[in-house]
Amino acid sequence: MKKLLLSIASILLAAGLFAQEVTFSGDLNTAWGLTAPWTSEAWDFDLGKIDFTGGIEAYMDKSTAFVEASIGYDFTQFNLDWSINEAYIDYSDSLWGLRIGRQKWAWGKADGVNITNCVFPEDSTSLFNDDSSLGVDALRLSLYGNSFTVDAMWIPFFRGTSLPLDDSNPLKKYVIPSSYTISIPAYNINQTVAISIGSITNPELKIENGEYALKASGYFSAFDISLYGFYGFEKTPTLSYTGNNPNVYSIPQSITVNGSYKRMAMIGLDTAFPIGELVIRAEGAYFPERQMQSSATSILAGGETSIKQHQIMGLAGIDWMPNGWTITAQYYCDYIFNKSDNLDREKAYQHGSTLSISKSFLNETLELSLSGLIGWNYFDSAISFEAAYSLSDQIGLSAGLFAFIPGPEKNGTYGNYKDLSTIYIKAEYKF
């Protein structure tokens, strides 16, 4: 992987020397936040980072070379991190195009919810990323017509979602806690079991372990439609739990968590069509015999790490922009057939809704935005509010709130993060 990226970087450098035009762009941003006053550790610093992102794009005839990289320091985790976001060479003719290297592009019409997107992993190490999508190292062939495009992608090098597994990351305890208390009142047992992380194993680097994606889109006067296909690997690992040194009640003294990535397939579609000032969007996906994560209890009892289930996911949404307002609303759902009690999910049918509202003021220098997401199974929710002010075309300031609210009976997915509700300020300089 490193050799590939170094090779691409060398080609980009060479392309820059002979390019007809070279452009530079980038941004420097910083964000600082305190936990909200209603959290268990109110007014603690939980957000403090500085990030620099820079990009170079070189043009020559019908070819483009582009590289974008980021470097940042997290003051809450004392961690310096860097990454190559994209690094590719692109050739585009009137009828076809070819792109090779690290890349990312639009996949699906959902806003903030993954339905058909199985191709691009995410950075899950923070809840406060403006853009959490990650690029993949791939070869992409595109065919162009008057009213259609077809994109075929081969991904020989697997890249999974970035997980918050560092001990300094506040999200780690929500993914894999450091300990778990087992209580059996009938036997007067109340034992704390230590949990450690073993290894997360990537698919072996072989030709047959490549991933394949296909997107065919049609654009018409009344609507547009896209068909999707994907065959590859899950972007998050299936976990296994191994108990060590069980006592007389078969309660382990410690548990080791390992992970591996399972094969998967997906077919899907999306469409969008305008009705006056409204745009109606819909998206759906079918996953045949998807390997669903089993619960830790069933695995420790000798069960399989995953169970095959047919799964369907869907979304319907509207976009409305009346008189300077931008309003987006969505309903999404996720259903698996033949629900098993041994799965790591309590409901066969899971669903939720999102709402986003924004409005610009003062000659579009001030923007107020409010967005929210609610899970209908447990009525847990996540809400964010932000006020962003542009001092100039290059300098922007913003302040806001992320709030995670548990449901009335159970925390739910978003309620689990209730102690990470944050008040923040941000500053950005673009060039």
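Here the structure is a predicted model, which means the values were calculated and not measured. (Residues numbered from 1 in each chain as written. Predicted model: local features only at pLDDT ≥ 70, side-chain atom pairs only at ≥ 80, totals over all residues. Heavy atoms only, no water.)

1. Topic: the nonpolar core
Formed by 22 residues in total, the largest nonpolar core has its most connected members in Trp107, Val119, Phe120, Met153, Phe230, Met266 and Phe287. Secondary structure elements with two or more residues in this core: β6 (136-144), β7 (148-155), β11 (224-233), β14 (263-275), β15 (278-293) and β16 (306-320). Excluding residues within four positions of it along the chain, Phe230 makes contact with Cys118, Val119, Glu211, Tyr212, Ala213, Lys235, Met264, Ala265 and Met266. Counting residues in each nonpolar core, the second largest holds nine residues, with Ile176, Ile182, Ile189 and Leu239 among its members. (Core = buried A, V, L, I, M, F, W, Y, C linked by side-chain atoms within 4.5 Å. Buried < 20%, exposed > 50% of the residue type's maximum accessible area, 1.4 Å probe, protein only. Helix = DSSP H or I, 4+ residues; strand = E, 2+ residues; numbered from the N terminus. Contact = heavy atoms within 4.5 Å.)

2. Some thoughts on the state of the cysteines
Enumeration according to the criterion identifies zero disulfides in this entry. Note on Cys118: no disulfide assigned, nearest cysteine sulfur contributed by Cys333 at a separation of 15 Å. Of the residues examined, Cys118 reaches a relative accessible area of 6% and is grouped as buried. (Disulfide = S-S within 2.5 Å.)

3. As for unusual backbone geometry
Phi at Leu362 is positive, roughly 50 degrees, even though this residue is not glycine. When you line up the elements, Leu362 lands in the loop between β18 (349-361) and β19 (366-375). Assessed through its relative accessible area of 58%, Leu362 is described here as exposed. Even without being a glycine, Glu364 presents a positive backbone phi close to 65 degrees. Relative to the assigned elements, Glu364 resides in the loop between β18 and β19. With relative accessibility at 67%, the residue Glu364 sits in the exposed group.

4. Some points on the pattern of salt bridges
Following the criterion strictly, the structure yields 16 salt bridges and no others. A salt bridge links Lys426 to Asp130, with the nearest nitrogen and oxygen atoms 2.9 Å apart. Here the residue Lys426 occupies a position in strand β22 (residues 422-430), and Asp130 occupies one in the loop between β5 (96-103) and β6, the gap between them amounting to 296 residues. (Salt bridge = Lys/Arg side-chain N within 4 Å of Asp/Glu carboxyl O.)

5. Considering the packing of aromatic side chains
Scanning the entire structure with this criterion turns up 18 aromatic pairs. For the ring pair Trp107 and Tyr228, a centre distance of 4.9 Å and an interplane angle of 55 degrees mean the geometry is tilted. In this pair, Trp107 sits in the loop between β5 and β6 while Tyr228 sits in strand β11, placing the two residues 121 residues apart along the sequence. By relative accessible area, which is 6% here, Tyr228 ends up buried. Centroid distance Phe220 to Phe223: 5.2 Å. Interplanar angle 40 degrees. Geometry classified as tilted. Residue classification places Phe220 among the partly exposed residues on the basis of a relative accessible area of 45%. (Phe/Tyr/Trp six-rings, centres within 6.5 Å; stacked < 30°, edge-to-face > 60°.)

6. Topic: the environment of Gly33
Tracing the backbone through its elements, the reader meets Gly33 in strand β1 (residues 21-35). For Gly33, the residues in contact, after removing those within four places along its chain, are Asp44, Phe45, Asp46, Leu47, Thr422, Ile423 and Tyr424.

7. As for the pairing of strand β21 (residues 395-405)
Both strand β20 (residues 380-390) and β21 contribute to a ladder of ten bridges, which runs antiparallel. Residue Ala387 lies in a different strand from β21, and its bridge partner there is Ala399. The sheet contact formed by β21 and β22 spans eight bridges and is antiparallel. When the sheet's bridge partners are listed, Ala399 is paired in β22 with Ile425. (Pairing = 2+ DSSP bridges.)

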